[in-house]
Structures are given as C-alpha cells and as structure tokens.
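Coordinates in review
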Amino acid sequence: MTAPAPAPSPEATTAPRVRRREWLHILTGAARTPRGMAGSGLVLLVVLLAVTGPFFAAYSPLQFVTTPGAPPSSKFPLGSDILGRDVLSRVLDGGWQLLLMATAAMLIGIVLGTAAGIAAAQLRGWRDGVIMRTVDVILAFPQLVFALLLVSILGPTRWLLVVAVGLSHAPQVARVIRAAALDVSERDFVKAVEITGVRQSKVMSGEILPNLLTPLMVEAGLRLTYSIVIMTGLSFIGFGLQPPAPNWGYMINENRIILTTNPWAVVAPAILIAVLAVGLNTFTDAIARVALGIERAEKLIAEASGTGSVAEIPA
Amino acid sequence: MTVTTAPARLVVEGLTVAAVGSGATIIEDVSVRVAAGEVLGVVGESGSGKTTLGLAMVGHARRGLEIAAGSVCLDGTDLFSLSPAELRKLRGAAMAYVPQDPSSAINPSLRVGGQLKEILAAHGRQGAEADARLQEVLAEVGLDSRHGILSVYPHQLSGGQQQRVAIAMAFACRPGLIVLDEPTTGLDVTTQRTVLETVARMCASYGVAAVYVSHDVVVVGELSNRVAVVYSGRVVETGATADVFGAPAHPYTQGLLRAVPSPERSGRLVGMEGVPPRPGQRPPGCGFAPRCPLVIERCTVAMPELVPTDRTGQLARCVLVETGQAHTRGALASASGQDLAGPAESGAAPVLQVTGLDAFYGQRQVLFGIHLAVPQETCVAIVGESGSGKTTLARCIAGLHTSWTGEVRYGGRPLTPGIRRRPKDVLRGIQYVFQNPYASLNPRRTVGGLVAQPVENLAGRRHGRHDDKKILDALRSAALSVEVVNRYPDQLSGGERQRVAIARTLAVSPTLLVCDEVTSSLDVSVQAAVVELLRRLQRQHGLAMVFITHNIALIRSIAQQVVVMHDGQIVESGTVADVLDHPRADYTRQLLDDVPKFSAAITGASDA
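Values in this document were obtained by computation on a predicted structure and should not be read as measured data.

Reading guide: rules and limits
Starting afresh in each chain, residues are numbered from 1 along the sequence in its written order. Chains carry letters from A onward and ligands carry numbers from 1 onward, assigned in written order. Reporting of local features is limited, given that this is a predicted model, to residues whose pLDDT is at least 70; pairs of side-chain atoms are given and counted only at 80 or more, and all residues count toward the totals for whole chains, interfaces and linings. Comment: elements are numbered from the N terminus, with helices defined as DSSP H or I runs of at least four residues and strands as E runs of at least two. Only the C-alpha atoms count toward the radius of gyration. The rule for a globule is 2.2 Å times the residue count to the power 0.38. The exposure scheme places C-beta atoms from the backbone and then counts, for each residue, the other C-beta atoms within 10 Å of its own, assigning buried at 20 or more, exposed at 12 or fewer, and partly exposed in between. Here the contact rule is simple: place C-beta atoms from the backbone, and any two residues whose C-beta atoms are within 7 Å are in contact. By definition, two strands form a pair when at least two bridges between them are found by DSSP. Each domain's extent is set by a domain assignment, obtained either automatically or from a database. Three classes are used, and their members are as follows: Ala, Val, Leu, Ile, Met, Phe, Trp, Tyr, Cys and Pro are nonpolar, Asp, Glu, Lys and Arg are charged, and the others, Gly among them, are polar. Axis definition: a line fitted to C-alpha atoms, over the contacting stretch in the case of helices. Angles run 0 to 180 degrees between N-to-C directions. Here pLDDT means the predictor's own confidence in every residue, given as a number from 0 to 100.

Some remarks on the overall build of chain B
When you go through chain B residue by residue, the secondary structure sums to 20 helices and 22 strands. Against the 2.2 N^0.38 benchmark of 25 Å for 608 residues, chain B shows a C-alpha radius of gyration of 25 Å, consistent with a compact globule. C-alpha extents for chain B along the principal axes are approximately 70 × 65 × 50 Å.

Following this line, the structure appears as structure tokens:
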C-alpha cells in the first residue's frame, strides 16, 4: 500500500520566501524602515557626491588657482586651501578613492576573518586554540596602532594601505564569526552532513557559511565604517594617500593651520566623513534589526512547531 | 457518564479572536461552558487555535491578537468588560493559568517559597495565614515542604517538580477557574501520571472549573469529563468524553483517535496527512474538508452548523451529522489485534552487533555494558525515559558520539568511534534520522539539495542536477510529492520535514536506519503517518532499524524486538510481544502502567 502524497501545506503555496537572494531581501527590508531610510539616504548622498564629483569639479584639484587660505567667494564657493587650490574641487575629487579603498579593506577583513572564525569554530581543539590566541594577541593592539604598525612596515603605497587596514579588521571579524559559527556548527543539520563523511572544508562552506548571513552583513557594514574612519585617520597623520592627490583625511590635516581664515577647508571634508560614518552605522543597525527580526520569527516558528502553534503567530 | 447539570462557572459565548490589522480569525464563534468540579478537555493539533482559546478563557489575548466578538463570563462577570486592573485582581485569585513550559512560568531567580508567597501576598494573604496555605498547597501537589523545597531555586528541581510548583502556584488562592495548557508535554510518562493525578484530585476536591488544553487525546480522555475538539479555530465536536471518544461523530475526531498508538493494541496506525489551514487562509466550507477522507461537495461550500448527534449532549460540526449519515463506528474498535510479525528467524549474522559498550561524557559514564544485536530486516525499538542513555547509544552507533569503549560491529566489521575513519560504505550503510526535523534540515537548502547531499557525498554523484531520478524516487518512497523538490524546509510542515529527512537517508539505499525519537516533535496524527511510513519502508527495502523512543505505546506499531533502557543500562530485551505482554523487569511494568490509557468507559462505549 502506498500512502497518498501529502497535500502541500498551505504556507508552502502561499508564502514563497526569497531565499536565493536573501541578502537582497534583508537589504531592501532594511531600506524600508525609517532607520534604514535615514541611513541609506546619508550614505547615498556622500557616495553620489564622491563618485560623480570629479566630473563636476570646476578646477583641477591640483591646480593653484588663488591665494592660499582665501575665504569663500562667488568663484570659489568653499574658498581655497593652504596652497591656494579650490577646496570645492578637492572635496569633490577626494572621496572616490577613499570609498574604493575602504570597501576593498573591508572585503579583505571579512574574507580573512570569516575563514578564520569558521575554521576555529568547526575544527575545535588545538586549531581553534592557535587561531583564537593569534587573534587575541593582535586584538591587544588598538586597531589604529596595529594598522599603523603594518603601514610603517609595508610602506604607504595605496594597495599596501588597503591590505594593512584589511588585516587589522580580520581578528575582530574572526571573533564575531566564530561565536556565531559555534552556534551553527552544533545544529543537527551540520551533524547530518558530517555523518556522510564529507570534507570539513565542504561542511564549512556549504552548511555553516550560508547560515551566517546575518552576522556577516552586520559585520560588513561595521567594518566599512571602521575602514573609512581608520583610513582617514591614517591620512590625517600622514600615513595614508600621499599628497598632492586630494583626500578628505589629509585635507583636514594640511588645512588645520588656516582654520581661522578659511574653516571650510577643514569643515567640509570632516562633515562628509562624519555623515558617511553615521549613515553607514545607522543603516547597519537597520540591517541588524531586520535580519534579527526574520531570524527571531524563524526561531519562533521552530519553537512553536513542537506543540505550540505556528498558525497563531499573527502574520 | 452523567451530563453535568450544575450551573456553569465559565461560559464562553460566540468567542472570536482575530489578528489585529489583517483581521484573520484565529478562533471563531466558540461557545463552551464549564461547571464547577468539571474538567473540560480542549483537544486539537498544532495550529488549531487551542492555546489562543485557553488564554482567552482567562481574559488574555496575545500580542497582535484581539477579541473580535463574543464574551467570556466567569461566575457571571464578563472578563472582557473589566479594566486591566480589575482583571489583574481576578488573575491568580479567581482564575489561574498553567502554561506548557513550567520553567517559563516560574521566576528562575526566586526561591520556590518566595515565588508562592508572592502570589499569596498579591491577593492579600500574609503572615501565618500565608504560611499555612503554603504548606497545604505544597502537600496537595505532592511536594514535601520539610525537605527544604521552599528554599531551593527552580533550576534545582526536576521538570516534574517544576510543573507541580506551577500547579501549586495556580491553586494557591483557590481559584474558581483554572486553565492548563499542555502541562505534561515534555514530561516522561511516570511524571506525567503523578501530575495528572494531582490535577484531577485538586479539581475534584475544590470544585474548580478546569480547562485542560492538549493535543494528547488519551490524556484528555483520561482526565476530562467533557471535551471540545477544536479544529481550524472552531469547535468541531463536543460532548461527554465517553461519547465523543467512544462514538466520535466528526471525521476529524475519528482521525485523531485512529492515530493514537497503544501498548495493548497493535497494528497499523492511521495518520492524517496535511496540516490545519492557517488563519486567514481557511477554506470557505468546513475547515477539515481538504484533509477529510469522507469529503463531499457540500463540505466545501458552507461551514456546517454544530448540530446534535444521536447521543445526548454531543454536538458535531459535520455535514454527515446534519444529514444523519455519520458513521459513529468506534474508532478504537477498528484497530486490528494482530502483532506485526517479524521476519522468520534465520541464522544469518546480525547487521549490527554491540558488545560491552560503555560510553562517557567527560568523566561521567552514561552507558554501562550495552549488548545489542539488530538482525537483518528487523526493527529493534529502544525504549526509555529521558536520561536513560538511549540517544547516546544511537549516536555511538552512528559515530556522532566518540567517547566509548567496547565493540560495535556492522556487517561483521568492527567500527571506529568517530566518523572520520569509517569507510564510505559503512557511512552509506548506517543512516541516521534526527529527532527534530526543524533542526536537522539546513534552512538554506532546497529539499532537492538536501536529499542530493548524501548521494553526492557517498555515491560520488556530481553537483547540481537535483532532478535526478534517485532523488525523486527517494522523495516518492517517503510519500512526498515531487513538487517539494524546489521548496525550502520552512515552507514545509513538521511531518513533511521529517519525511524529507527520511528521504535523504533512503536516497543512498542504507541497510541500517537509526531513528532517534523521530516523532517526538510531531503531532499525534502526523506521528502515526510517519511511523506507518517507516514501517512500510522497513518492509519494502528490507531495512534493519533501530527505533529510539520514549513512548512505549508506539513500539507495537513498528518494532519486532524491544530493548528497555534505564539509567544507561538495559533492563529488559526480547520480542515485542514477550516484553509487552509479560514484562519481567519492574521498570518495564511501571512504564507500561504509566502510559495513559482510555478508560474502560470509553472503550466500552465504542461497542455500543
């Protein structure tokens, strides 16, 4: 005798969930919350300015156009900097490189940190010990100091700077991801795959990694913010991008002497950095809330599945 | 059984609870009444709305829900007309609620004594009077206050003791109404028995109107005087317990009863496929119509009325009852009396042979000298309470628990403790089905991907093509429609998920299936369907099976041999018929005695 095939459950036919692109689902969900709207608005504003800015700049950012430290005028809306270059043009041109480098550094940090964190959580034993103690040693240095140390060893080339900042993120990411991965690696579906005798690397990439989406997205947002702050910080103390190329961090440093004659040369880049950092942080917060909300709902459903009721969770 | 004529203490009239915003009704037009000293059983599957109903009876609607219509009157007072402050005054004093999970009802950082005093103080009992009541109520729930129970913290108590404290809290102020929501789910049968006896005694001696909400038909049958069977938010059948369970008129009640396993009866369990419709997505006609084996066209058109059956006081909401065609054949009498005959004893070597197995958690030994043989094409059930070590044994066999000594032979070859050093054909041959299908399926993989995984890993198949015949065959064998192949686990019901977990093991054609409490997180009706599936698969594929369960009532429906475990040791083993009919060990006898059973009154009524 064969039992009849069960009818598809009602939730299956009526509530398809976007799973393949869940990160997108979370992003759009976050962007719809008031918090996310504010955050993404601020970020988009600065990114748009940084990306399209170079095309609108009236002067070359390197050209000496007027007297140094000139206050704003109709010709130079934000005045001139310490060497007599147009501040507006330098501000418009000084962001895109920073954004690109910060993103690259974030990616390096996330990839390395995630690999280390998952490996530590899944492999356990001495490998966990080695990875996490290394992380502890690096974490003993403040991140900026560690990045500075690396830059001074590697030299202030653009890509070495990216690598240095990325490396300084990795231990922090590893910490967070290990904690999240420990939780996942204990779940039965990981065990169910392990008893088919697959390689650990496959368990880590196929079973654990996809279930770390939420912490990964939050970490990515946070690390991007930190990348920007650290990079501008490094530029400020002269370890970042080398002059004369315009960049927001170094602009604050070089123009601080003319703060009294043309404050805009310092304030404009500072405002942009602050708005970007605040916007990113706010949006990350929105992501965390939305993703956690989804996760909590999933958990609630799983818990209710025993004897409570799935159906009673109001949609 | 007498139909109660005493005036009703609790009167629920036309109660409708709906979600705020969407307006989807969770429960709809429910009317029940409970008299003093009476226990009303509310029975239903997950998602039937029974918990919402239970909470509404104490004047509470969960966040996101609201009382859309109807009234709940306790001793003549309409609870929903009261202010929050007035309602608070009644709670604890005039009415009480015992939730499913006792640990959620008790403050973990308050000692038991402080906990109880808090309630008494809130309702104006202090000093010597409160102390006297404290002693009294503790004695009533069978906790001895002399053993310092008042000064311990909740985590120092066992689950059963915690539940008794929760019941003591509920009874402390002698309420007129008490609602118990699955208070024994999660307790083992022995503890369940004492808790149920406590509840029954307390209700009888104080004239409390009690409502007992549960998915467990047998427990309700044992405890209650009257029952209301709830489905899809409506009462589909109600009446005296003996009538409703003895001569069920509604096909849903009949289905629930057929799904109940029993240590006395054996044979096939008949499950009900599908899940109750979700609020807001309920069909226009009878909510049960999509799952009903007796469905006719009229069922899908309009909701039938709750009409009297041929027994006094029994009402049912079914077209067949309206038209007088209800077949009230006793569901209990339908079970066959035959045992599931095992395969002919052969001299062949057992598939699995466990010899002198000791297992440890750190320094602590949890299994002591386990001997076990699983012959070919035979299902061996391992029965025991929580903490008996039965799951550890299963995990040792599967290679998930590595800290053990002794010998486990599979097909004559000794097995290493860990998975890593086991050859692929052993990993393929021994397949494991996990307890909780909500945890054992990766939520980020489709059903097809999940079933394909062991095939890829063990049979070396290439990635990507999930429509492979092997996978579809496995899904079909597990009685799943092939359409589920592209779904994600969260789009499936609990029963369907467990079928996917079973299909995953079938896809690699194992010889030994280890099933660890595979039905304990499922509804009884779904449990029956899954057990029946496993029984059929075991036959068809000639599988050897180790079936771990805490439910001794189940094993006659699936196993040929049984091993009873207690405190990490085997106390008895043999064929199912031998052990269940002539238990030798006291522990086995106790387990059998503690299984809730339908009383003679109910089984007798089915012959009428």
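Points about the overall build of chain A
Counting secondary structure elements, chain A contains 13 helices and zero strands. Listed N to C, the secondary structure of chain A is α-α-α-α-α-α-α-α-α-α-α-α-α in terms of helices and strands. A total of 315 residues make up chain A; the buried ones form 45% of that total. Considering only residue pairs separated by 6 or more positions, chain A has 69% of its internal contacts joining residues 24 or more positions apart.

Looking at the sheet that holds strand S16 (residues 404-410) of chain B
Residues and elements named next belong to chain B. Spatially, the four strands line up as an open sheet ordered S14-S13-S16-S17, and their pairing is antiparallel. This sheet does not close on itself; its edge strands, each paired only once, are strand S14 (364-374) and strand S17 (413-414). Inspection of the sheet shows S16 paired to S17 by two bridges, in the antiparallel sense. Each bridged residue has a counterpart across the sheet, and for Arg409 the counterpart in S17 is Pro414.

Quick word on the domain arrangement of chain A
Residue and element names in this part refer to chain A. The domain architecture assigned to chain A consists of domain 1 (26-60 + 77-95 + 248-299) and domain 2 (97-245). Between the C-alpha centres of domain 1 and domain 2 there is a distance of 24 Å. Between domain 1 and domain 2, the residue contacts involve 21 residues of the former and 20 residues of the latter. For the side of domain 1 that touches domain 2, the elements supplying multiple residues, two or more each, are helix H3 (34-56), helix H12 (248-254) and helix H13 (264-304). Broken down by class, the residue content of the side of domain 1 that touches domain 2 amounts to 15 nonpolar, five polar and one charged.

Regarding the sheet that holds strand S11 (residues 307-308) of chain B
Residue and element names in this part refer to chain B. With mixed pairing, eight strands are arranged side by side in an open sheet as S6-S7-S8-S3-S9-S10-S12-S11. The open sheet has two edge strands, strand S6 (95-98) and S11, and neither has a second partner. Contacting strand S3 (39-43), strand S7 (177-181), strand S8 (209-214) and strand S9 (226-231), helix H1 (residues 50-57) crosses the sheet at an angle of about 160 degrees to S8.

Quick notes on the confidence of the model for chain B
Residues and elements named next belong to chain B. The pLDDT averaged across chain B works out to 83; a share of 91% of its residues lies at or above 70. Long-range and interchain partners of residues 328-339, a stretch whose pLDDT sits below 50, account for 28 contacts in this model, where long-range means more than four residues apart. Interface predicted TM-score (ipTM) for the complex: 0.74; the corresponding pTM is 0.77.

Here we look at the domain arrangement of chain B
Residues and elements named next belong to chain B. Here the domain parsing of chain B yields domain 1 (8-103 + 174-333) and domain 2 (352-445 + 511-596). The gap between the C-alpha centroids of domain 1 and domain 2 is 35 Å. Only helix H7 (189-206), helix H8 (217-223) and helix H10 (251-258) provide two or more residues apiece to the side of domain 1 that touches domain 2. Among the elements that make up the side of domain 1 that touches domain 2, the one with the highest residue count is H8 (four residues). Grouping the amino acids of the side of domain 1 that touches domain 2 by side-chain chemistry returns 12 nonpolar, eight polar and seven charged.

A word on the environment of Val524 of chain B
All names here are of chain B. Note on placement: Val524 falls in helix H17 (residues 524-541). For Val524, a count of 22 C-beta atoms within 10 Å puts it in the buried group. Taking C-alpha positions, Val524 is 8.6 Å from Val217, a pair spaced 307 residues apart along the chain. Among residues more than four places away in sequence, those in contact with Val524 are His215, Asp216, Val217, Leu256, Ala259 and Val260.

Focus: unusual backbone geometry
Unlike most non-glycine residues, Arg124 of chain A shows phi in positive territory, near 55 degrees. Relative to the helices and strands, Arg124 of chain A resides in the loop between helix H5 (96-123) and helix H6 (125-139). When the 12 C-beta atoms within 10 Å are taken as the criterion, Arg124 of chain A is described as exposed. Even without being glycine, Asp567 of chain B reaches a positive phi, approximately 50 degrees. As for its position among the elements, Asp567 of chain B is in the loop between strand S21 (561-566) and strand S22 (569-575). Classification of Asp567 of chain B as partly exposed rests on a count of 14 C-beta atoms within 10 Å.

Considering the pairing of strand S2 (residues 25-35) of chain B
Consecutive residues of a regular strand have side chains that alternate between opposite faces of the sheet. Residue and element names in this part refer to chain B. Alignment of strand S1 (residues 8-19) against S2, held across seven bridges, turns out to be antiparallel. Bridge pairing in S2 places Val12 opposite Val32. Where S1 hands over to S2, the hairpin turn is made up of five residues, of which Gly21 adopts a positive phi near 95 degrees.

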